[in-house]
Amino acid sequence: MAVTAAGAQKTAETVEAVFRIESARIIAGVTRVVRDVGIAEEIAQDALVAALEQWPESGVPDRPGAWLMATAKHRAIDLVRRRETYARKLAEVGRTLEDAPPPEEPAGPDDIDDDLLRLIFTACHPVLSTDARIALTLRLLGGLTTEEIARAFLAAEPTVAQRIVRAKRGLARAGVAFEVPYGADRAERLGSVLEVIYLVFNEGYAATAGDDLVRPALCEDALRLARVLQGLMPAEPEVHGLAALLEFQASRIPARTGPGGEPVLLADQNRSRWNGLLMRRGVEALHRAGGGPYGPYTLQAAIAACHARAGRYEDTDWATIAALYAQLARLTPSPVVELNRAVALSMAEGPSAGLALVDALRDEPALKDYHLLPSVRGDLLARLGRHEEACDEFERAAGMARNARERELLLDRADRARAGRP
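Cut-offs applied
- Residues numbered from 1 in each chain as written.
- Predicted model: local features only at pLDDT ≥ 70, side-chain atom pairs only at ≥ 80, totals over all residues.
- Heavy atoms only, no water.
- Helix = DSSP H or I, 4+ residues; strand = E, 2+ residues; numbered from the N terminus.
- Buried < 20%, exposed > 50% of the residue type's maximum accessible area, 1.4 Å probe, protein only.
- Contact = heavy atoms within 4.5 Å.
- Areas by Shrake-Rupley, 256 points an atom, 1.4 Å probe, with all protein chains shown as cover.
- 1 Å grid on protein atoms, 1.4 Å probe; cavity = no way out; pocket = protein on both sides within 12 Å on 5 of 7 lines; lining within 4 Å.
- Points joined across faces, edges and corners; volume = space filled by probe spheres on them.
- Nonpolar A, V, L, I, M, F, W, Y, C, P; charged D, E, K, R; others polar.
- Axes fitted to C-alpha atoms, helices over the stretch in contact; angles between N-to-C directions.
- Parallel < 35°, antiparallel > 145°, perpendicular 65-115°, else oblique.
- Expected span 1.5 Å × (residues − 1).
- Bend = angle between axes of the 7 residues up to and from the residue.
- Left-handed = near helix turned anticlockwise from the far one by under 90°.
- Salt bridge = Lys/Arg side-chain N within 4 Å of Asp/Glu carboxyl O.
- Phe/Tyr/Trp six-rings, centres within 6.5 Å; stacked < 30°, edge-to-face > 60°.
- pLDDT = per-residue confidence, 0-100.

> Tell me about the overall build of the protein, residues and numbers included.
Helix and strand counts for the protein stand at 19 helices and 0 strands. Looking at the 422 residues of the protein, the share that counts as buried comes to 49%. Contacts in the protein between residues far apart in sequence, at least 24 positions, make up 65% of those at least 6 positions apart. Split by element, the accessible area of the protein, about 20300 Å² in all, is 51% carbon and sulfur.

> Give me the lowdown on empty space enclosed by the protein, citing residues and values where you can.
Applying the stated rule across the entire model yields 1 cavity of 30 Å³ or more. Reported here for the largest cavity is a volume of approximately 40 Å³. Forming the boundary of the largest cavity are A24, L116, L141, V200, D221, A222 and L225. Counting residues per element, the lining of the largest cavity draws most heavily on helix α10 (residues 216-232), at 3 residues. The residue makeup of the lining of the largest cavity, split by class, is 6 nonpolar, no polar and 1 charged.

> Tell me about the packing of helix α5 (residues 115-123) against α10, and please be specific about residues and values.
Interhelical geometry of α5 versus α10 gives an angle of 85 degrees and a closest axis separation of 11 Å. When the axis of α5 is compared with that of α10, the two are roughly perpendicular. Residues L116, L117, I120 and F121 of α5 lie in contact with α10, whose contacting residues are R224, L225, V228, L229 and L232. Of the residues assigned to the contact of α5 with α10, the class counts are 8 nonpolar, no polar and 1 charged.

> Quick rundown of helix α9 (residues 183-205)? Include the residues and the values.
In an α-helix, one turn spans 3.6 residues, which is why side chains three or four residues apart end up on the same side. Relative to the 33 Å expected for 23 residues at 1.5 Å per residue, α9 spans 33 Å between its end C-alpha atoms, a close match to the ideal helical length. Along its length, α9 shows its largest kink, about 40 degrees, at L190.

> I'd like to hear about the packing of helix α11 (residues 237-251) against helix α12 (residues 276-288), residue by residue, with values.
It is the contact of α11 with α12, at a shortest axis distance of 8 Å, that shows an interaxial angle of 165 degrees. The angle between α11 and α12 falls in the class roughly antiparallel. Here the hand of the crossing between α11 and α12 comes out left-handed. Side by side, α11 and α12 meet where H240, A243, A244, E247, F248, A250 and S251 of the first sit next to L278, M279, R281, G282, V283, A285, L286 and R288 of the second. Broken down by class, the residue content of the contact of α11 with α12 amounts to 9 nonpolar, 3 polar and 3 charged.

> Account for α10, with residues named and values stated.
Its 17 residues give α10 an end-to-end C-alpha distance of 24 Å, which sits within 8% of 24 Å, the value for a rise of 1.5 Å per residue. For α10, the full list of buried residues reads L218, C219, D221, A222, L223, L225, A226, V228, L229, Q230 and L232.

> Let's hear about the pattern of salt bridges: which residues, and what values?
Under the defined criterion, the tally for this structure stands at 21 salt bridges. With a closest N to O distance of 3.3 Å, D115 and R118 form a salt bridge. Of the two residues, D115 and R118 are both situated in helix α5; the distance of 3 residues between them amounts to about one turn of the helix. Salt bridges sharing common partners tie together D359, R377, E393 and R396.

> Explain unusual backbone geometry residue by residue, including any values.
Leave glycine aside and you will find that most residues have negative phi; peptide bonds, for their part, are mostly trans. Of note, R35 is a non-glycine position whose phi angle comes to about 60 degrees, a positive value. If you trace the backbone, R35 turns up in the loop between α1 (5-34) and α2 (37-58).

> Which residues make up the packing of aromatic side chains, and what are the values?
Aromatic rings considered in pairs are described by the distance between their centres and by the relative angle of their planes. For the structure shown, the criterion picks out 4 aromatic pairs. Both rings, one in W55 and one in W67, keep their centres 5.2 Å apart while their planes meet at 70 degrees; by these two values the pair is edge-to-face. Highlighted residues: W55 in helix α2 and W67 in helix α3 (residues 64-82), separated in sequence by 12 residues. Look at Y313 and W318: their rings are 5.8 Å apart centre to centre, the planes differ by 70 degrees, and that puts the pair in the edge-to-face class.

> Before we move on, could you go through the environment of R330 and cite the residues and values that matter?
The topology assignment puts R330 in helix α14 (residues 318-331). Separated by 34 residues in sequence, R330 and P296 place their C-alpha atoms 10.0 Å apart.

> Give me the side chain of T298: which residues, what numbers.
The topology assignment puts T298 in helix α13 (residues 296-309). When its relative accessible area of 2% is taken as the criterion, T298 is described as buried. If we skip the residues at most four places from it in the chain, T298 touches P237, E238, G241, L286 and A289.

> Which residues make up the confidence of the model for the protein, and what values go with them?
When pLDDT is averaged along the protein, the result is 85; 89% of the residues meet or exceed 70. Below pLDDT 50 for its whole length, residues 98-113 participates in 20 contacts with residues either more than four positions away or in separate chains.

This is the structure:
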């Protein structure tokens, strides 16, 4: 049967959507075979190409993710067979991949059988720099493009691209084992793992590029990994702090967009749509983090808890939020933290107080292309009645924004400021 152009396009969109969701699991599964994350990513891409070639003719399989995984693993086996250097590994993996039953349940928390968790600890190996660990894991587990990762880092795209290439080569040269680390090594690598999960969640919660504001699949993967880490390291406060933060943030996702996918600002969100179960899980995780001293993720979770406790936007305890941001700024100095503190201070003490902080950040190199800086400044200027200046700032922010939904919102706010409306 002939395939129409429209049908082929629809199938291609399906393939790409499925691959975006499944790519991390496919790469993790193939890495178990070839023991090289760079080769595993290439094989996963080969499976994507095979689907693009075959599915328009054969139709989309009932279990497309399983089809991609099976295709990738068979290609991995073929690669092992073709290369003499993998001959010894073939004897180890040849029987298990095609005929063996699923692995038994892990015996204990130190034996968690989770390829994704193995992949994230492998990508966060100390042989790599911290930036390289985060960039590589975002690429492999989050399926993000180099451009999206660069924006998450507030870094130049060529820099991040080189970082990822060098990271893959570094892991291959060092022969890094595909495993969850144990003992002191695990504790040493935890901080990087937490940061990776945090950045993956953030990319899902507020996509840096594309047509959608939210990518729930990324949030779900990050939240799942955070929960796995809670079981793995129940005595580590910051693991619970990160989990609490993600639970609170995920609870708001249903209210963050309108019927057409347009962004809904926090002040305008229907709080009855916030997920009560996730908020309760956040409270529980924050309680398990203990009474302090708080680390950076637990401090952010405490800020999120202030929003969760407010039944209405007008009831938000902005003074406490501003104080928590001040603590966070002392613990982990960052221009982005200062920008958030400026927003909270403007709500607690008035827009002039916030504007003074924002103006101090205008020459900060790390925020040069960060669209939220002019966006926040535009909001503060609008609240001060300086509408023409506010319009200019919103238009500048729109020019920087890569996400289509955010750009539309910022242009709408520019129009409102031009007309002297809030």
